[in-house]
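Summary of the model geometry
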Amino acid sequence: ADPKKAYASPTRITGEKLVGERCAVCHESGKDGAPRMDDFAAWKPRLSKGVENLVQSAIKGHKAMPSRAGMANLSDSDLRNAVTYLVVQSATYKPKS
């Protein structure tokens, strides 16, 4: 499967695992201006343009974020799952007690 094609089947990585292994490096701390996983307010302006716009940013890269999270073998579906996971986590974040 060609990971650059929208119809490419996803690899065997879940959105949660991809975020935990790769995306959290920046999205946990807000490194280089990345919206933090626990800050839904930071995601709201980005979401106003639609989730697909966020997915395209993940595919193509945005500012310090490399295209496809620096992992060329990721399919569009993998990235869509990771973006969805990040947004849901930010909206439902509950601090650890």
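Above this note sits the structure.
Residues numbered from 1 in each chain as written. Predicted model: local features only at pLDDT ≥ 70, side-chain atom pairs only at ≥ 80, totals over all residues. Heavy atoms only, no water.

1. Section: helix 1 (residues 15-27)
The cut-off we apply is this: Put simply, DSSP H or I for four residues or longer makes a helix, DSSP E for two residues or longer makes a strand, and each gets a number counted from the N terminus. Expected span of a helix: the number of residues minus one, times 1.5 Å. For every residue, the accessible area obtained with a 1.4 Å probe (protein chains only) is divided by the maximum for its type, and the residue is called buried under 20%, exposed over 50%, and partly exposed between those limits. Pairs of residues are marked as contacts when any of their non-hydrogen atoms sit within 4.5 Å.
Taking 1.5 Å of rise per residue, the 13 residues of helix 1 would be expected to cover 18 Å, yet its terminal C-alpha atoms sit only 14 Å apart, more than 12% below that figure. Among the residues making up helix 1, those that are buried are Gly15, Leu18, Val19, Cys23, Ala24 and His27. Looking at the buried side of helix 1, the elements it contacts are helix 2 (40-47) and helix 4 (76-92).

2. Notes on the packing of helix 2 against helix 4
Where we set the bar: Note on geometry: axes are C-alpha line fits, over the in-contact stretch for helices, and angles between N-to-C directions span 0 to 180 degrees. What sets the label is the angle itself: under 35 degrees gives roughly parallel, over 145 gives roughly antiparallel, 65 to 115 gives roughly perpendicular, and the rest give oblique. Handedness of a helix crossing follows the sense of rotation of the near helix relative to the far helix, less than a right angle counterclockwise being left-handed and clockwise being right-handed. Polar here means any residue outside two lists: the nonpolar Ala, Val, Leu, Ile, Met, Phe, Trp, Tyr, Cys and Pro, and the charged Asp, Glu, Lys and Arg; Gly therefore counts as polar.
Packing of helix 2 against helix 4 brings their axes to within 9 Å, and their N-to-C directions diverge by 135 degrees. Judged by the inter-axis angle, helix 2 sits oblique to helix 4. Like other packed secondary-structure pairs, helix 2 and helix 4 cross with a definite hand, here left-handed. Facing Phe40, Trp43 and Leu47 of helix 2, the residues of helix 4 in contact are Leu86, Val87, Ser90 and Ala91. Of the residues that constitute the contact of helix 2 with helix 4, the class distribution is six nonpolar, one polar and no charged.

3. Regarding the layout of surface pockets
Rules: Of the two site types, the cavity is a set of points on a 1 Å grid over the protein atoms alone where a 1.4 Å probe fits but cannot get out, and the pocket is an open set with protein on both sides within 12 Å along at least five of seven lines, each lined by residues with an atom within 4 Å of a point. Grid points are joined across faces, edges and corners, and a volume is the space filled by probe spheres set on the points.
Empty space within the largest pocket amounts to approximately 710 Å³. Around the largest pocket, the lining comprises 28 residues; the ones closest to its centre are His27, Ala34, Pro35, His62 and Met65. Contributing elements (two or more residues each) for the lining of the largest pocket: helix 1, helix 2, helix 3 (51-60) and helix 4. Looking at the lining of the largest pocket, the element that brings in the most residues is helix 1, giving five residues. Considering only residue class, the lining of the largest pocket consists of 17 nonpolar, five polar and six charged. In terms of lining, the second largest pocket is formed by Glu28, Met37, Asp38, Gln89, Tyr93 and Lys96. Counted by class, the lining of the second largest pocket contains two nonpolar, one polar and three charged residues.

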